[in-house]
Amino acid sequence: MVQLLPKLKEVDKHLSFLRKVFTKNGLRHILNYVNGLICLNKKTIKKISEASPDETNHAAIQRILNESESELKSLEERLMKKIVYYCKGQKISLIIDDTLVERNGKKIEEIQSHYNHSDNDFITGHQFFTALVHTNNLQLPLFPQLYSKSTDSKIDMARKLIDKVLTTIKIDNVIVDSWYSDKKLIKKCMTKGIRVSCIIKTNRRISLKNGEWESLDKFSKKVSRKKSPIVYFNDKKYKVFNCEAKLNGVPFIKLVVTREWDEKKKRWGKSNHLISTFLQDSVEDVMSIYSIRWCIEVYHRDIKQNLGFASAFLRKKEGIVGHTILVALAYAALRLFMHVRGISMSIGECCLQMYDKATNDFLREIILIDDKKRRIKMFEELFINKNKQVQ
């Protein structure tokens, strides 16, 4: 039984800028693909082609993905214009991270071994550099970039991305994890008046105002033995210590050492070390701004679980990149749909609602056809001749 792919008109209109890049047929293939990523259970090129009433050959979609890399990348500039429009007058945070997709196969381009921090192990597959533009009421992705030994380093990708975004919008905060806490990246942001909020590892060395350098690990152990104030943040209890410190190659920053209370074990957890390049930030400011980083973790989960980020069976690098770009566009379209209508729900819930509504509207259009012969013919074409049924 093949799942029916209805037209998501309310989502597609947020992708109207695609018309300026693709031909009419190309646009049809792209929108069908995006709709399939949102609606279908199995989000492969073949299944999307089979489910769509106006697709005849899945090779057409595959050709678009493999041969339209330059056109797809040019869409990011048009997406940036939407970001500027919807984020105007708001505080903007640029969250930078990366995510892994496990893949195996000798003929798949650019696969290599990557370290998975979550499992403390290596996996074979692709790693993507990702970024999210965040405001208090809207989060929109920038296009993922494939990272491998043949590309720029992830730090260089981050520095170039910041420069590119700054040509269009003003960034208030750059929020990263410890991997991106590079001194050149931090200094670059500081010179442009951008706050950097990140976590740093204990293998870093710091210097207090007395000028002596010591390992953060040693400093943290001394701090843990001191009596520190208690702070409640997001319904959790923390013991905190803050001071001004200097990192190697970086001017003085605000350092906040936090230890979360473990209610089950009845003890304080391990120390985390947050920094902000704005010395005037309070402890609560530092913790609050860094907590925004969780949005990109949710984004990674959403695109993998709901939008098929890891489900495409493509071998060529161009097709792999094209697929991830269209996944990002699908996510952006859903976010814009919810934002414009003031709807608050998860991406998964939105996908289900969009599919149910579009399918009902599609069936209603057929039922309301006055001519009985034409109505029966449309039902036969969709549900009998093409063996398409709604699951």
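Whatever comes next refers back to the structure up there.
Here's a quick rundown of the structure. (Residues numbered from 1 in each chain as written. Predicted model: local features only at pLDDT ≥ 70, side-chain atom pairs only at ≥ 80, totals over all residues. Heavy atoms only, no water.)

1. Details of the packing of helix α2 (residues 24–39) against helix α4 (residues 58–67)
Point 1. At their nearest, the axes of α2 and α4 sit 10 Å apart, and the two run at 95° to each other. Looking at the two axes, α2 sits roughly perpendicular to α4. Contact residues: G26, H29, I30 and Y33 in α2; A60, I61, I64 and L65 in α4.
Point 2. Of the residues belonging to the contact of α2 with α4, the class tally is six nonpolar, two polar and no charged. (Axes fitted to C-alpha atoms, helices over the stretch in contact; angles between N-to-C directions. Helix = DSSP H or I, 4+ residues; strand = E, 2+ residues; numbered from the N terminus. Parallel < 35°, antiparallel > 145°, perpendicular 65-115°, else oblique. Contact = heavy atoms within 4.5 Å. Nonpolar A, V, L, I, M, F, W, Y, C, P; charged D, E, K, R; others polar.)

2. Here we look at the side chain of S93
Point 1. Inspection of the secondary structure assignment puts S93 in strand β2 (residues 93–102).
Point 2. A residue is classified by how much of its surface remains accessible, and S93, at 3% relative accessible area, is buried.
Point 3. A polar side-chain atom of S93 sits 3.0 Å from a polar atom in the side chain of N173. (Buried < 20%, exposed > 50% of the residue type's maximum accessible area, 1.4 Å probe, protein only. Polar contact = N/O pair within 3.5 Å; in protein donor to acceptor, adjacent residues only side chain to side chain.)

3. A few points about the packing of aromatic side chains
Point 1. Applying the stated criterion across every chain yields a total of seven aromatic pairs.
Point 2. Taken together, a centroid distance of 5.2 Å and an interplanar angle of 65° make the contact between Y115 and F122 edge-to-face.
Point 3. Centre to centre, the rings of F128 and F309 are 5.1 Å apart; their planes meet at 75°, and the pair counts as edge-to-face. Of this pair, F128 sits in strand β4 (residues 121–134) while F309 sits in the loop between α10 (294–305) and α11 (317–341), and the two are 181 residues apart along the sequence.
Point 4. A cation over an aromatic ring shows up here: K154 above the ring of Y147, its NZ or CZ 5.4 Å from the ring centre.
Point 5. K237 extends its terminal NZ or CZ atom over the ring of W261, reaching a point 5.0 Å from the ring centre. (Phe/Tyr/Trp six-rings, centres within 6.5 Å; stacked < 30°, edge-to-face > 60°. Lys NZ or Arg CZ within 6 Å of the ring centre and 35° of its normal.)

4. Some points on unusual backbone geometry
Point 1. Phi at E110 is positive, roughly 70°, even though this residue is not glycine.
Point 2. Structurally, the position occupied by E110 is in the loop between β2 and β3 (112–116).
Point 3. On the basis of relative accessibility, which here comes to 26%, the residue E110 falls in the partly exposed class.

5. Focus on empty space enclosed by the protein
Point 1. Summed over the entire model, instances satisfying the criterion amount to one cavity of 30 Å³ or more.
Point 2. By volume, the largest cavity amounts to about 30 Å³.
Point 3. For the lining of the largest cavity, the secondary structure elements donating two or more residues are α8 (216–224), β11 (236–247) and β12 (250–262).
Point 4. When residues of the lining of the largest cavity are assigned to their parent elements, the largest contribution, three residues, is made by β11.
Point 5. Looking at the lining of the largest cavity residue by residue, the classes come out as four nonpolar, two polar and two charged. (1 Å grid on protein atoms, 1.4 Å probe; cavity = no way out; pocket = protein on both sides within 12 Å on 5 of 7 lines; lining within 4 Å. Points joined across faces, edges and corners; volume = space filled by probe spheres on them.)

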